[in-house]
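One letter stands for each residue in the lines below.
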Amino acid sequence: MESETTKLDPDPASPRNSVRTRIVGGFSAALFGQVVSVGIQLAAFPAFVAAWGMEGFGHWLALTSLASFLTLSEMGFATAAANEMAMDAGRGDRQRVVVVYQSMWALLSSISGIALTVGLAVLWFTPFPGLLPVDVSIWEVRVIGTALIVGVASSVLSQLAIAGFRCDGNFAVGSLCFTLQRTSEFIGQVIGALTFRSMMAAAVLGTVFRLAAHAVTMLVLKRYSPWLHAGVRHADSQVVRKLASPAFASAAMPLGHALNNQGMIQVVAAVAGPAATVAFSAHRTIANIATQLTSIINRVVSPEFARAYGESDMPLQRRLHRQACRYAIWISALALAFACLAGPWLLHFWTRGKVTCDLALLASLLLAVFMRTTWFTSSVVATSINLHQRLATLFVFGMGASCLVAVPLTRGLGLIGPAVALLGAETILAGFVLRDSLSLVGDKWRTFLHDVMVPPVPGRRS
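Note that the structure is predicted; figures quoted are calculated from it, not measured.

Scoring rules and cut-offs
Position labels on residues start from 1 in each chain and follow its written sequence. Totals for whole chains, interfaces and linings use every residue, but because this is a predicted model, local features are given only for residues with pLDDT of at least 70 and side-chain atom pairs only at 80 or more, for both listing and counting. For side-chain calculations, the full set of non-hydrogen atoms in the structure is used, while hydrogens and water are omitted. Any cysteine sulfur atom paired with another within 2.5 Å is treated as part of a disulfide. In this scheme, a residue with accessible area under 20% of its type's maximum is buried, one over 50% is exposed, and one in between is partly exposed, where area comes from a 1.4 Å probe on protein chains only. Put simply, a salt bridge is a Lys or Arg side-chain nitrogen that is within 4 Å of an Asp or Glu carboxyl oxygen. Numbering goes from the N terminus for both helices and strands, where a helix is a DSSP run of H or I of at least four residues and a strand is a run of E of at least two. Relevant arc is that of directions from the helix axis to the C-beta atoms, nothing else. To obtain an axis, a line is fitted to C-alpha atoms, over the contacting stretch when the element is a helix, and the angle between two such axes runs from 0 to 180 degrees between their N-to-C directions. To sort the angles, those under 35 degrees are grouped as roughly parallel, those over 145 as roughly antiparallel, those from 65 to 115 as roughly perpendicular, and the leftovers as oblique. Here a crossing is called left-handed whenever its near helix is offset anticlockwise from the far helix by less than a right angle, and right-handed whenever the offset is clockwise. Should any heavy atoms of two residues lie within 4.5 Å, those residues are counted as being in contact. Like charges are joined within 9 Å and nonpolar side chains (Val, Leu, Ile, Met, Phe, Trp, Tyr) within 5 Å, but only among residues with over 30% relative accessible area and no salt bridge; these make up the patches. Residue burial considers only the protein chains on display, and all accessible areas are found by Shrake-Rupley using a 1.4 Å probe. The set of buried Ala, Val, Leu, Ile, Met, Phe, Trp, Tyr and Cys residues whose side-chain atoms join them within 4.5 Å is what this entry labels a nonpolar core.

## Details of the state of the cysteines
Under the defined criterion, the tally for this structure stands at 0 disulfides. No disulfide involves cysteine 167; its sulfur sits 14 Å from that of cysteine 177, the nearest cysteine. Among the residues examined, cysteine 167 registers a relative accessible area of 0% and is labelled buried. Cysteine 177 sits in the buried class, given a relative accessible area of 7%.

As structure tokens, then:
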């Protein structure tokens, strides 16, 4: 039986050539955003330390991390709405897209308003600011907190704006606008820190710059999708009820990732001690090299898959799933091979010789990362069409169980124990997710494996 081609658009004149163009453009924009994000992380340390010193930078991190918890207030509704809008756009039902968009606009505006009100009340009318372990005056904490909370509230609405770009095939533009917002906020913070040597100035200018970038984002969205306008005229409570289940499932996914990352660190710290925790964390950082590029694949393919689902185009859904898995697996394999070969040198250089490479531990973690890359990429099928409730449940419970299993394994096997626990959980998830994804797209194991095992060679037609 002839397998389906692994090329999305073999004919440049094909109507679907736009799918290839959007994916390539989206990947480039997302990769650029990732580079900018890393650049911001690297530049933040010298810039803020120069302004406030190490201790002052520590206080800044404590305050900003506290405000970031408010991003959880959207409870996954922006993600669920983005998927729903893309599926409706695939069906050509723009009226329905507007209904979903305005329903979420009304909901998220209300949630942001409530979170903003509660946050400001706590800051200005309770003794909470004085209880924070920071060497900053209560007045400064209140001003800094107010600016940061306003910035976070605007970021919640920005996520919905990005969903507007996604549904109309403009993921790359939306990704660039999101990068613009992050960059603008950071530039404002750096200007405030280096010019005025003040955390208040950094927080206020950062928020002002971010709000300006948000306004630009809305203008760009209006330019690209003039039919998609904000407001509440077409808001429908039925939409909110329908999206509640997939929204909560999306909100649960970060909990699974937290158990996978921070949860396992806590297990190692409790059982093996701080020195072992540093060694385990360092090895895991090297092993996670592959996750950066492969996570971009999901973000780029997701809106295209949702559109294909809305169009009831099953062959395109199969090709998108296969191509995503194919590139993710081979990129992951190459990255992991690099990490395995260069890992000992990277560890020695990065830790200045304070952490000795344990090849068995590194290999176990690399295998776990490979399995995670496999199932996470395949999960784009369910997550793109709001059918990921079972996946979210299994992910949270699976990661929680791996932490429990890791306790006796760490006592018996040392640092190999938590790596083995992670590998087991990731392997089970890979089997579950791949089975469900293949069922959803009507694919078969034999043809799927035949295609994804072929190395992707640019320019070659399969």
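Text resumes after the structure shown.
## Overview of the pattern of salt bridges
By the definition in use, this model includes 11 salt bridges. For arginine 96, the salt bridge goes to aspartate 88, with nearest N and O atoms at 3.5 Å. On the accessibility criterion, arginine 96 (22% relative accessible area) is partly exposed. The shortest N-O distance in the salt bridge between arginine 435 and aspartate 436 comes to 3.3 Å. Each member of the salt-bridge network shares a partner with another, and the members are Glu84, Asp88, Arg91, Arg96 and Lys242.

## Things to note about unusual backbone geometry
In this structure, arginine 197 takes a positive phi of about 55 degrees despite not being glycine. With respect to the helices, strands and loops of the structure, arginine 197 is situated in the loop between helix H6 (171–196) and helix H7 (199–224). Residue asparagine 386 is not a glycine yet carries a positive backbone phi of 60 degrees. Relative to the helices and strands, asparagine 386 resides in the loop between helix H13 (380–384) and helix H14 (389–413).

## Some details on helix H16 (residues 445–452)
Every buried residue of H16 is listed here: Thr447, Phe448, Asp451 and Val452. Axial view of H16: buried residues confined to an arc of 120 degrees, hence all on one face.

## Side note on the packing of helix H11 (residues 314–351) against helix H12 (residues 359–378)
Interhelical geometry of H11 versus H12 gives an angle of 165 degrees and a closest axis separation of 9 Å. Compared by their axis directions, H11 and H12 come out roughly antiparallel. Of the two elements, H11 crosses H12, and the hand of that crossing is right-handed. Along its contact with H11, which presents His321, Ala324, Cys325, Ala328, Ile329, Ser332, Ala333, Leu336, Ala339, Cys340, Gly343 and Pro344, the element H12 presents Leu359, Leu362, Leu366, Val369, Phe370, Thr373, Thr374, Thr377 and Ser378.

## Focus on a nonpolar patch on the surface
Judged by side-chain polarity, Ile187, Ile191, Val204, Val208 and Phe209 come together as a nonpolar surface patch covering roughly 360 Å² of accessible area. Those elements that provide at least two residues to the nonpolar patch are H6 and H7. Per element, the largest residue contribution to the nonpolar patch is 3 residues, and it comes from H7. Following the sequence through the fold, phenylalanine 209 ends up in helix H7. For phenylalanine 209, a relative accessible area of 30% translates into the label partly exposed.

## Comments concerning the nonpolar core
In this structure, Phe77, Met85, Met104, Leu108, Leu160, Leu228 and Leu243 are the most contacted members of the largest nonpolar core, which totals 34 residues. Among the secondary structure elements, those contributing two or more residues to this core are helix H2 (77–90), helix H3 (94–125), helix H5 (138–167), H6 and helix H8 (237–272). Broken down by element, this core gets its largest block of residues, 10 residues, from H3. In contact with leucine 160, other than residues within four places in its own chain, are Ala81, Tyr101, Met104, Trp105 and Leu108. Counting 27 residues, the second-largest nonpolar core is a separate cluster that includes Leu362, Leu415, Ala421 and Leu422.

## Some thoughts on the side chain of glutamate 84
By the element assignment, glutamate 84 lies in helix H2. Excluding residues within four positions of it along the chain, glutamate 84 makes contact with Arg96, Val100, Lys242, Leu243 and Asn386.

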